[in-house]
Amino acid sequence: FQLTLRDYFIENEEAAQTAEEATCLIGWVLNHGRVCSLFDETQEELTPGKVLAFLVVNITRWNTHYIAFDQLLTLKDAMREAVILWRDEIVASQVGAEKNAQKKKLEKEANVQCDRVDDGGFWCHLKSIINDLEPICLGVNMNQMDIMCPDQVLLTFAGIFLYFQKHSSPAVATGMAKRIEKRWKALDQPMFVLALVLNPFEWLLRFGDKAAVSQFTLHTILLETYRRVCSHPPKNSCSPDEQATYNEEKEKKERSISEVFFSYLAGKGAFADWEQNKAAFKRVNGDNPVAMWTAFLDTLSTAELADFAILLLSISVNQAGLERNFSDLKIKKTCLRNWLKLPRLEKMAKVSQKIGIQ
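Residues numbered from 1 in each chain as written. Predicted model: local features only at pLDDT ≥ 70, side-chain atom pairs only at ≥ 80, totals over all residues. Heavy atoms only, no water.

Engineer: Any chance you could explain the packing of aromatic side chains here in plain terms?
Structural biologist: Geometry of an aromatic ring pair is reported as the spacing of the ring centres plus the angle between the planes. Under the definition given, this model contains 17 aromatic pairs. Ring centres of Y8 and F164 lie 5.8 Å apart, and the angle between their planes is 45°; on these two criteria the pair is classed as tilted. Of the two residues, Y8 is situated in helix 1 (residues 2-11) and F164 in helix 8 (residues 150-165); the sequence distance between them amounts to 156 residues. As far as the burial class goes, Y8 and F164 line up, both buried. Counting every residue linked through ring pairs, the aromatic cluster contains Y8, F9, Y163 and F164. (Phe/Tyr/Trp six-rings, centres within 6.5 Å; stacked < 30°, edge-to-face > 60°. Helix = DSSP H or I, 4+ residues; strand = E, 2+ residues; numbered from the N terminus. Buried < 20%, exposed > 50% of the residue type's maximum accessible area, 1.4 Å probe, protein only.)

Engineer: What's the story with the pattern of salt bridges in this structure? I'm lost.
Structural biologist: Two side chains of opposite charge can pair, provided their charged atoms sit close to one another. Scanning all chains against the criterion turns up twelve salt bridges. Between D7 and R183 there is a salt bridge, with its nearest N and O atoms 3.1 Å apart. Highlighted residues: D7 in helix 1 and R183 in helix 9 (residues 170-185), separated in sequence by 176 residues. Accessibility expressed as a relative area gives 1% for D7, which makes it buried. The shortest N-O distance in the salt bridge between E89 and R34 comes to 2.5 Å. Here the residue E89 occupies a position in helix 5 (residues 76-95), and R34 occupies one in helix 3 (residues 33-46), the gap between them amounting to 55 residues. The exposure class of R34 is partly exposed, given its relative accessible area of 37%. A cluster of three or more residues bridged by salt bridges with shared partners is formed by R6, D7, E11, R179 and R183. (Salt bridge = Lys/Arg side-chain N within 4 Å of Asp/Glu carboxyl O.)

Engineer: Where do I start with helix 4 (residues 63-74) in this structure?
Structural biologist: An ideal rise of 1.5 Å per residue puts 16 Å on twelve residues; helix 4 measures up with 17 Å between its terminal C-alpha atoms. In the core, the buried residues of helix 4 are packed alongside helix 2 (13-30), helix 5 and helix 7 (120-143). (Expected span 1.5 Å × (residues − 1). Contact = heavy atoms within 4.5 Å.)

Engineer: Please clarify how unusual backbone geometry should be interpreted in this entry.
Structural biologist: Leaving glycine aside, a negative phi is the common case for residues, and trans is the common case for peptide bonds. Its identity is not glycine, yet W203 carries a phi of approximately 55°, on the positive side. The topology assignment puts W203 in the loop between helix 10 (189-197) and helix 11 (215-230). Judged by its relative accessible area of 27%, W203 falls in the partly exposed class.

Engineer: So what exactly am I meant to see when it comes to the nonpolar core here?
Structural biologist: Note that soluble globular proteins tend to have their nonpolar side chains buried in a common cluster. Counting residues in hydrophobic clusters, the biggest one holds 84 residues, and the most contacted among them are F39, M79 and W293. Among the elements that make up this core, the one with the highest residue count is helix 7 (nine residues). Beyond its immediate sequence surroundings of up to four residues, M79 is in contact with L25, V29, F39, F54, L72, V117 and W123. (Core = buried A, V, L, I, M, F, W, Y, C linked by side-chain atoms within 4.5 Å.)

Put into structure tokens, the structure is as follows:
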């Protein structure tokens, strides 16, 4: 998703230019204490007791672009009023005691920034950028969670694609569609689609008429993914009779999972009353699909599909949780505490994780 954010600025050159101007404006305000004080004083007059800070964009954290620009837009009225009332003082505070060529350079820079604040077109473009960045940054933020399931990734990709499909600029809409499709093509598509279908709270509801997804297509995807994930050859060499027994057991499991999957798609058999009881189940257990499939593990006919669904829906497709663990261990085991062994570090990490969950 961070690469999608980069793609956006590549496809939308006007947005990239406006983002650069907004970043320069924020840096200019924060680098001049008196200018920042004048803006803060104007905020205090407009909204007594509430003075918001200017937030800095961090190049290595793409979410900060959205947060900083959104905060800047919130400060628009105070900044424009300050420029109207205190423009000469703002310019003078930047120039200071400088003379000659340096004085002219600083005056020009201050006037450029004041003109930018007073330019309605700049704020209009900034608002458009914020609207475009929001769905992408939402996906980036979700991807930073400890667990990001495949069905969530697919829905996020689809949401971003649908947003840019309706973009006001045809060039941006076409360019972003191609780039998002390229990102999606690089993923393990069957696994993501199957995880979405096996989420009982989503089921087939997200697929439109143009998806061309039939029960038989999904069944083929299921069998291919199941064989790839769960069908392992015998560890040791075996006799022909043992191989025949293994193949027979394998076919039996595939028939079982196939029959139950068709029942799941049709809402029949063990799943016949799920729709009418879904709301009650959600009130007690939340919308975690793993909790629903766990209830089918004890039933012989549905156990194989339930076990496979839990496996898919429990996969975390990001590394955020793992990276946090490494960062946490780096804090715990330092040069001064270098005698800590792995068992103790493991216990300390588990305690920290439980505290974080609470």
